[in-house]
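Each chain, written out:
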Amino acid sequence: MQEKRKQDMWNMKKGLLSIILLLPALAGGAQQKKDHHFDVAKNIETFNAIYKNLDLMYVDTLDASEVIGTGINAMLRSLDPYTEYYPEDKAKDLKLMITGKYAGIGALIKYNMAIQRVVIDQPYANMPAAEAGLKKGDIILSIDDTVMTDKDATVVSSRLRGNPGTSFILKIQRPSTGKRMQFKITRKAIQMPAVPYYGLQENHIGYIQLNSFTEDCSKDVRRAFLDLKRQGMKGLVLDLRENGGGSLSEAVSIVNLFVPKGLSLVTTKGKLKRANRTYTTTAEPIDTVMPVVVLVNGGSASSSEVTCGSLQDLDRAVVLGTRTYGKGLVQIPVDLPYNGTLKLTTGHYYIPSGRCIQAINYKHANGGYKEHIPDSLTRVFHTANGREVRDGGGIKPDVEIMPDSLPNIAFYLASAGRDSTEVLFNYELDYIAAHPTIAPPAQFALSDADYADFKRRVLQSRFTYDRESEKYLKNLVKLARFEGYYDDAKAEFENLEKKLSHNIAKDLDINREKLKQLIAADIVAAYYYQAGTIENGLKYDNQMKEAVRLLLNPAEYKKILNGK
């Protein structure tokens, strides 16, 4: 009995000691919370006081929306690049991002530097611009009674958009004939196609390009897949290159097309536990055995990474291309007063292996700088078949294939801001005017005679561009002079300068095939729209070629997924 009393007394002392030790921690936690709330109240009150004094005494009248909006945006920039404020007048931008929908005429426009006018660049198929008969190069003169010849592309674009069902009079001048023409165009809700092109390629390999994860895009992918399967598809290439993401639920639905029902694909975790969620496959798949290769690159982000990462983790598809962007952050829209919206980062997402592929740490201190997570600090996870995969740096492809690249001269020829002669654009307009029809997209190519004509026009236009090699040489000469080595290597520098001097004719010859492809793609768009351009480009695409080769070699495909 006495021993029991001693034990009870000892237990009581231990309990009291534990409480005593715990109290400072609890008090510290409460103090930290109290200090945080005080800091919040203090800084908000200081911000209000600063603006009140500015509004009362500043030498000029303040624009409240601009000044306070700048303060809000600066605050958000210190966090991460995805937390953004959309005031009422920018709400349409957020809606377009989420849904892919806007109301307008359905055409790309550009500012033509040579004539200093805004022109139609590319109408979209089955949209008001194309249906009205607008063509590439048409010069926009006026919209209703407002002259547009002195406006930039941003202003013209805003005037072309409006509410669905509203009409306006558009006056244009067609360069090929010089005629002025007038069209009555009725705006309609425009949704950029999530799947701008799909088709059965040689050897019964199907191809689907998914541009964005907008509302119902999974239904578009499903329809395309079933159509290709009916045509005899034996393997699929799903192209997610340059797809910046969108709806997470749509990504889950697309993965669900290829994997069984009841699998946990994505888990989101953030500060608010009630907002955490696990996304599972809820439907029966349409195909769990067909070989699939997913194409990705550095522009594949967010929901694209959920899609390719989940298929990789489940060993359902081979991922091919280059490392993805690495966006493992989740955003939700939050309604604000006066019809504003906050797109707010609330957590990270984790794919089936348990990894988060966020590639960048955003530091809140020191103005919100960012740093890439080094590979040495990433952790190893495993796919369903036991293959090693890592977190923290985007999705690393199973097969790394570098993309096609355009030569430097191509960027300058295609960029109006670089070349005021617009020689490439004008050549394409003349070609289109001279050819009422062209071959189908898969067969069309610029002939050698056509390219010779283009080369002649470039040389006559006195087109020039900044060669990167010359820039580096000038910097190297400057550095050599600074460090005192230039005089000893002067002859070598001068010889190298001669070899790197501008020779436009030589550059046009060296880059002939790439430039022919660029011109052909632009021309095809005028006849077959966006889908035609994609189809035309596939025959030159080395990543696509490698994907097809892999799908035609089942043993190699299975070996990659089995990790052996």
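All figures in this text were calculated on a predicted structure; none of them were measured in a lab. (Residues numbered from 1 in each chain as written. Predicted model: local features only at pLDDT ≥ 70, side-chain atom pairs only at ≥ 80, totals over all residues. Heavy atoms only, no water.)

Student: Explain the overall build of the chain here, please?
Tutor: Counting its regular elements, the chain contains 17 helices and 23 strands. Put simply, the chain has 564 residues, and 40% of those count as buried. Sequence-distant contacts in the chain: of pairs separated by 6 or more residues, those separated by 24 or more amount to 69%. (Helix = DSSP H or I, 4+ residues; strand = E, 2+ residues; numbered from the N terminus. Buried < 20%, exposed > 50% of the residue type's maximum accessible area, 1.4 Å probe, protein only. Contact = heavy atoms within 4.5 Å.)

Student: Before we go on, may I ask you to explain the packing of aromatic side chains in this structure?
Tutor: In this description, a pair of aromatic rings is defined by centroid distance and the angle of the planes. All told, the structure shown has six aromatic pairs when counted by the stated rule. Members of the aromatic cluster, each reached through a chain of ring pairs, are Tyr427, Tyr431, Phe444, Tyr451 and Phe454. Taking the ring centre of Phe425 as reference, the NZ or CZ of Lys110 above it sits at 4.2 Å. Here the guanidinium or amino end of Lys269 rests over the ring plane of Tyr350, the centre of that ring lying 5.1 Å away. (Phe/Tyr/Trp six-rings, centres within 6.5 Å; stacked < 30°, edge-to-face > 60°. Lys NZ or Arg CZ within 6 Å of the ring centre and 35° of its normal.)

Student: Would you mind going over the nonpolar core with me for this structure?
Tutor: The nonpolar side chains of a soluble globular protein tend to be buried, and buried together. With 40 residues, the main nonpolar core has Ile208 and Leu210 as its most contacted residues. Those elements giving two or more residues to this core turn out to be α6 (217–230), β12 (235–239), α7 (248–256), β13 (264–270), β15 (292–296) and α8 (303–313). Sequence-distant contacts of Ile208, defined by excluding residues within four places in its chain, comprise Val195, Tyr197, Tyr198, Val221, Ala224, Phe225, Leu228, Leu236, Val237, Leu238 and Asp239. In terms of nonpolar packing, the next biggest core, distinct from the first, is built from 26 residues, Ile409, Ala410, Phe463 and Ile504 among them. (Core = buried A, V, L, I, M, F, W, Y, C linked by side-chain atoms within 4.5 Å.)

Student: How should a nonpolar patch on the surface be read in this particular structure?
Tutor: A surface patch of nonpolar side chains, about 400 Å² in accessible area, is lined by Ile50, Leu54, Tyr58 and Val59. Locating Ile50 in the fold gives a position in helix α1 (residues 2–57). Classification of Ile50 by relative accessible area gives partly exposed; the value is 49%. (Patch = residues over 30% accessible without salt bridge, like charges linked within 9 Å, V, L, I, M, F, W, Y side chains within 5 Å. Areas by Shrake-Rupley, 256 points an atom, 1.4 Å probe, with all protein chains shown as cover. Salt bridge = Lys/Arg side-chain N within 4 Å of Asp/Glu carboxyl O.)

Student: Just checking my understanding: could you explain the pattern of salt bridges for this structure?
Tutor: Taken as a whole and assessed by the stated rule, the structure comprises 23 salt bridges. Residue Arg512 pairs with Asp448 through a salt bridge whose shortest N-O separation is 2.1 Å. Here Arg512, found in helix α15 (residues 512–538), pairs with Asp448, found in helix α11 (residues 448–460); they are 64 residues apart in sequence, far enough to count as distant. With a relative accessible area of 25%, Arg512 lands in the partly exposed category. Across the pair Lys455 and Asp509 runs a salt bridge, and its minimum N-O distance is 2.9 Å. With Lys455 in helix α11 and Asp509 in helix α14 (residues 504–510), this pair connects stretches of sequence that are 54 residues apart. For Asp509, a relative accessible area of 41% translates into the label partly exposed. Residues participating in the shared-partner salt-bridge network are Asp448, Arg512, Glu513 and Lys516.

Student: Please explain the sheet that holds β15 as it appears in this structure.
Tutor: Within a sheet, adjacent strands bond to each other through the backbone by hydrogen bonds, running parallel or antiparallel. Within the open sheet, the six strands sit side by side as β10-β11-β12-β15-β16-β23. Their pairing is mixed. The open sheet has two edge strands with one neighbour each: β10 (197–200) and β23 (399–400). Where α8 meets the sheet, it contacts β12, β15 and β16 (318–321), and its direction lies at approximately 140° from that of β15. (Pairing = 2+ DSSP bridges. Axes fitted to C-alpha atoms, helices over the stretch in contact; angles between N-to-C directions.)

Student: What is the right way to read helix α2 (residues 64–77) from this model?
Tutor: Residues that lie three or four places apart on an α-helix share one face, since the helix turns once every 3.6 residues. For α2, built from 14 residues, the straight-helix expectation of 20 Å at 1.5 Å per residue is met to within 8% by its first-to-last C-alpha distance of 20 Å. Two or three places before Ser65, at the start of α2, stands the capping residue Asp63, its side-chain oxygen 3.1 Å from that residue's backbone nitrogen. (Expected span 1.5 Å × (residues − 1). Polar contact = N/O pair within 3.5 Å; in protein donor to acceptor, adjacent residues only side chain to side chain.)

Student: What am I meant to see in unusual backbone geometry here?
Tutor: Excluding glycine, residues mostly carry a negative phi; peptide bonds, for their part, are mostly trans. Located in the positive-phi region is Asp216, a residue other than glycine, with phi close to 70°. Along the polypeptide, Asp216 turns up in the loop between β11 (205–209) and α6. Overall, Asp216 belongs to the partly exposed group, its relative accessible area being 39%. For Arg462, which is not glycine, the phi dihedral falls at a positive 60°. One can find Arg462 in the loop between α11 and α12 (468–483).

Student: I keep staring at the environment of Arg161 and nothing clicks. Help me out?
Tutor: Checked against the element boundaries, Arg161 lands in the loop between α5 (153–160) and β7 (167–173). For Arg161, a relative accessible area of 37% translates into the label partly exposed. The residues contacting Arg161, other than those within four sequence positions of it, are Leu96, Tyr102, Ala103, Gly104 and Arg187.

Student: Can you walk me through the side chain of Gln312 in this structure?
Tutor: Locating Gln312 in the fold gives a position in helix α8. When neighbours within four sequence positions are excluded, Gln312 is seen to be in contact with Ala317, Val319, Arg355, Thr383, Arg387, Val389, Ile395, Lys396, Pro397 and Asp398.

Student: Explain the side chain of Asn256 here, please?
Tutor: Positionally, Asn256 belongs in helix α7. In this structure Asn256 comes out as buried when scored by relative accessible area, which is 6%. Those residues in contact with Asn256 that lie beyond four places of it in its chain are Thr281, Thr282, Ala283 and Pro285.

Student: What should I look at first to understand the confidence of the model for the chain in this one?
Tutor: Low pLDDT means the predicted coordinates in that region are not meant to be read closely. In this model, the chain carries a mean pLDDT of 88, and residues with pLDDT of at least 70 account for 89%. Within the model, pLDDT remains below 50 along residues 15–23, and this stretch shows zero contacts once partners closer than five positions in the same chain are excluded. Note that residues 365–369 has pLDDT below 50 and, in this model, eight contacts with residues that lie over four places away or in other chains. (pLDDT = per-residue confidence, 0-100.)

Student: Is there a simple way to think about the packing of helix α10 (residues 423–434) against α11 in this case?
Tutor: Two quantities define a packed helix pair, namely the angle between the helix axes and the distance between the axes. The N-to-C vectors of α10 and α11 enclose an angle of 140°; their axes lie 10 Å apart at closest approach. One way to sum up the angle between α10 and α11 is to call them oblique. As α10 runs across α11, the sense of the crossing is right-handed. Side by side, α10 and α11 meet where Val423, Leu424, Asn426, Tyr427, Asp430 and Tyr431 of the first sit next to Asp450, Asp453, Phe454, Arg457 and Val458 of the second. Considered class by class, the residues forming the contact of α10 with α11 number six nonpolar, one polar and four charged. (Parallel < 35°, antiparallel > 145°, perpendicular 65-115°, else oblique. Left-handed = near helix turned anticlockwise from the far one by under 90°. Nonpolar A, V, L, I, M, F, W, Y, C, P; charged D, E, K, R; others polar.)

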